[in-house]
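# Chains, contacts and geometry: an overview
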Amino acid sequence: MKVTLIYAYWPNQPGGVTWCDLPWALRDKGLPKRLHEAGHEVIETILMAEEPSPDEMRAGLILAAEVAEAVADAAAQGELAVVLAGSCALSAIGAIAGLGGSGTAIAWFDAHPDLNTPETSTSGLFEGMALAAATGKAWRAMVAMHAGLAQPADLSRATLFGARDIDAAERALIDAHAIEIAGDQGSLISGVGDAARVYAHLDMDVHDALTVRTNGSPVPGGPAVDDVRAALTAIASLTCLGITGLDPAAPDAAQAADIAIEHVLAIAGARS
């Protein structure tokens, strides 16, 4: 199996959280080496925000356009694209733009649905708007102009897995679009349906917070590591995987990196 690892570095650190260093944490932990050892061909692409103010939102969206190009190239060659970016928004927008938004289903593994908008968010955190932005519900002009996502994904083709910290406005959007909140592998696969392309978004905080703390604000509850892995490997049309939400400064960062690597190995093995 050919696996394209796309390291996307956007030096945005909201509240001092160092999610942006996730790509290097997984590389240093041996992700490409482990894939090689498992018999997979690995292609590595490093992308860096290089605008005059690289930590600003515009720079992140321009970087997302570069991610989109790398994802599109990998998908055209039948490779598994794996986007490694601390930012949920950067990963989701870039991946959806690369896969072609209108025909792509989304499997959203995250403790949060990330469906807030500038009008509903009380924190203003861009990461909390990631799925909304990738589906045309937030920042549409910025996303289209700078990230190249002119045709966002259809929110009704998204399935949430492990979501449990849901704001009232997000709940209203979930209900309005009849979005499935899957609690097991079967309901996830049913939600994804027969889509030819699936973007699987893996925020590492989806896991049971008693098992692994991936950042400084763990959300209680959540699926077990084995349940997450089983659901990921069951997605037959998984075309791109995004790994986000791991702060290398978190209490269980090393354990979380190992878990993420094992997830990638399992997915690549299932597709071989």
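Residues numbered from 1 in each chain as written. Predicted model: local features only at pLDDT ≥ 70, side-chain atom pairs only at ≥ 80, totals over all residues. Heavy atoms only, no water.

The helix and strand tally for the protein chain stands at 10 helices and 8 strands. Since a compact globule built from 272 residues should have a radius of gyration of about 19 Å, the 16 Å found for the protein chain is in line with a globular shape. Across its three principal directions, the C-alpha atoms of the protein chain cover 50 × 45 × 40 Å. Here the analysis covers contacts within the protein chain between residues at least 6 apart in sequence; of these, 76% occur between residues at least 24 apart. Surface exposure of the protein chain reaches about 10,300 Å², of which carbon and sulfur atoms provide 49%. (Helix = DSSP H or I, 4+ residues; strand = E, 2+ residues; numbered from the N terminus. Rg over C-alpha atoms; globule rule 2.2 N^0.38 Å. Contact = heavy atoms within 4.5 Å. Areas by Shrake-Rupley, 256 points an atom, 1.4 Å probe, with all protein chains shown as cover.)

Interaxial distance between helix 9 (residues 225–233) and helix 10 (residues 253–271) falls to 9 Å at its minimum, and their mutual angle equals 30°. As the angle between them shows, helix 9 and helix 10 are arranged roughly parallel. In the packing of helix 9 onto helix 10, the handedness of the crossing is right-handed. Packed against helix 9, whose contacting residues are Val225, Val228, Arg229, Leu232 and Thr233, the element helix 10 presents Ile259, Glu262, His263, Ala266, Ile267 and Ala270 at the interface. For the contact of helix 9 with helix 10, the class distribution of residues is 7 nonpolar, 2 polar and 2 charged. (Axes fitted to C-alpha atoms, helices over the stretch in contact; angles between N-to-C directions. Parallel < 35°, antiparallel > 145°, perpendicular 65-115°, else oblique. Left-handed = near helix turned anticlockwise from the far one by under 90°. Nonpolar A, V, L, I, M, F, W, Y, C, P; charged D, E, K, R; others polar.)

Per the counting criterion, the structure on display carries 5 aromatic pairs. Between tyrosine 9 and tryptophan 24 the ring centres are 5.8 Å apart and the planes differ by 40°, which places this aromatic pair in the tilted class. Of this pair, tyrosine 9 sits in strand 1 (residues 2–9) while tryptophan 24 sits in helix 1 (residues 22–28); the two residues are 15 residues apart in sequence, bridging distant segments of the chain. Using a relative accessible area of 17% as the deciding quantity, one classes tyrosine 9 as buried. (Phe/Tyr/Trp six-rings, centres within 6.5 Å; stacked < 30°, edge-to-face > 60°. Buried < 20%, exposed > 50% of the residue type's maximum accessible area, 1.4 Å probe, protein only.)

So, about the pairing of strand 7 (residues 197–203). For strand 7, a buried count of 6 out of 7 residues is recorded, marking the element as mostly surrounded by other parts of the structure. In terms of strand pairing, strand 4 (residues 104–109) meets strand 7 through 6 bridges, oriented parallel. What sits directly across from phenylalanine 109, in strand 7, is leucine 202. After leaving strand 7, the chain enters helix 9 and then returns to the sheet as strand 8 (residues 238–244), a path that is right-handed. (Pairing = 2+ DSSP bridges. Right-handed = clockwise from strand over helix to strand, strands pointing away.)

Inspection of every chain in the model, using the stated rule, returns 0 disulfides. Cysteine cysteine 240 remains unbridged, with the sulfur of cysteine 88 as its closest cysteine sulfur at 13 Å. (Disulfide = S-S within 2.5 Å.)

Before going further, it helps to spend a moment on the pairing of strand 4. Burial analysis of strand 4 places 6 of its 6 residues in the buried class, the great majority of the element. Going residue by residue along strand 4, you find Thr104, Ile106 and Trp108 tucked away on one face and Ala105, Ala107 and Phe109 tucked away on the opposite face as well. As judged from the 4 bridges shared by strand 4 and strand 5 (residues 158–161), these two strands associate in the parallel manner. What sits directly across from phenylalanine 109, in strand 5, is phenylalanine 161.

Attention shifts here to the sheet that holds strand 5. The strand order across the open sheet built from 8 strands is 2-1-3-8-7-4-5-6, with neighbouring strands paired in parallel fashion. Each edge of the open sheet carries a strand with a single partner, namely strand 2 (41–48) and strand 6 (180–182). Looking at each pair of strands side by side, their axes are set apart by 20° on average, direction ignored. Two strands pair when backbone bridges link them, and strand 1 and strand 3 (residues 80–84) are joined in this way by 5 bridges, in the parallel orientation. Bridge pairing links leucine 5 to valine 82 in strand 3.

Right, let's get into unusual backbone geometry. In the Ramachandran plot, tryptophan 139 falls in the positive-phi region, its phi being about 55° despite a non-glycine side chain. The class for tryptophan 139 is partly exposed, based on a relative accessible area of 32%. In this structure, alanine 178 takes a positive phi of about 50° despite not being glycine.

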